[in-house]
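# Coordinate inspection notes
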Amino acid sequence: MSVENLTCIPLKNIQNARLNLHSVKKSPLLPLNFDWPDGKIYLKLENLHPIGSFKVRGALNAIKSLSPEKLKRGVYTASAGNFAQGLALAAKEVGVPCTAIVPDTAPVAKVKAIERLGASVVRVSYGAWWDVITTHAYAGMDATFIHPVANADVIAGTNIITPALFNNNY
């Protein structure tokens, strides 16, 4: 299994992310009511996303960036948190199966949230989960692996900044 070279995210990935994320709820910027001598401080309310986290943007962009051949096999990740929930929600949106490989130490509330969003959950030992994180693969899984942090399309989608951001509507 090859691992992506992430020394630089290509501009094309970022441009594609901007196009792929039109369906994601926009999180507003609100000024913090605080007297700051160097200017204003703004809060970006990422908690207003359906899963309460910005991670849905990276997950949706990664899914929408897959080729039809890879997409039809479904997707999986190694996460027991917000990224797994974001991937489950994104997979549901595009109509493909999703599996989350989670460590056996994952909180029950997180696992139930992943399942409520339609993903299958595979509990493994922490060491086996870490192997999936480091190798980007899980034995016997035919779906497309989407790494929660080491994937150019996840990074591009998670960190997309648009001019609209500064107009309080993204």
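Now for a look at the structure at hand.

Cut-offs and rules
Residues numbered from 1 in each chain as written. Predicted model: local features only at pLDDT ≥ 70, side-chain atom pairs only at ≥ 80, totals over all residues. Heavy atoms only, no water. Axes fitted to C-alpha atoms, helices over the stretch in contact; angles between N-to-C directions. Helix = DSSP H or I, 4+ residues; strand = E, 2+ residues; numbered from the N terminus. Parallel < 35°, antiparallel > 145°, perpendicular 65-115°, else oblique. Contact = heavy atoms within 4.5 Å. Nonpolar A, V, L, I, M, F, W, Y, C, P; charged D, E, K, R; others polar. Salt bridge = Lys/Arg side-chain N within 4 Å of Asp/Glu carboxyl O.

## Describing the packing of helix 4 (residues 82-94) against helix 5 (residues 108-116)
Axes are the key here: two packed helices are described by the angle between their axes and the distance separating the axes. Where helix 4 meets helix 5, the axes come as close as 8 Å, and the angle between the chain directions of the two elements is 10°. Here helix 5 runs roughly parallel to helix 4, going by the angle between their axes. From helix 4, N82, A84, Q85, A88 and K92 reach across to helix 5, where they touch K110, A113, I114 and R116. Partitioning the contact of helix 4 with helix 5 into residue classes produces four nonpolar, two polar and three charged.

## Here we look at the pattern of salt bridges
Following the criterion strictly, the structure yields two salt bridges and no others. A salt bridge links E93 to K64; the shortest N-O distance between them is 3.7 Å. Note that E93 is positioned in helix 4 and K64 in helix 2 (residues 55-64), a separation of 29 residues in sequence. Measuring nitrogen to oxygen at the nearest pair gives 4.0 Å for the salt bridge that ties D142 to R73. Separated by 69 residues along the polypeptide, D142 in the loop between helix 6 (126-135) and strand 6 (144-145) and R73 in the loop between helix 3 (68-72) and strand 3 (75-78) bring together distant segments of the chain.

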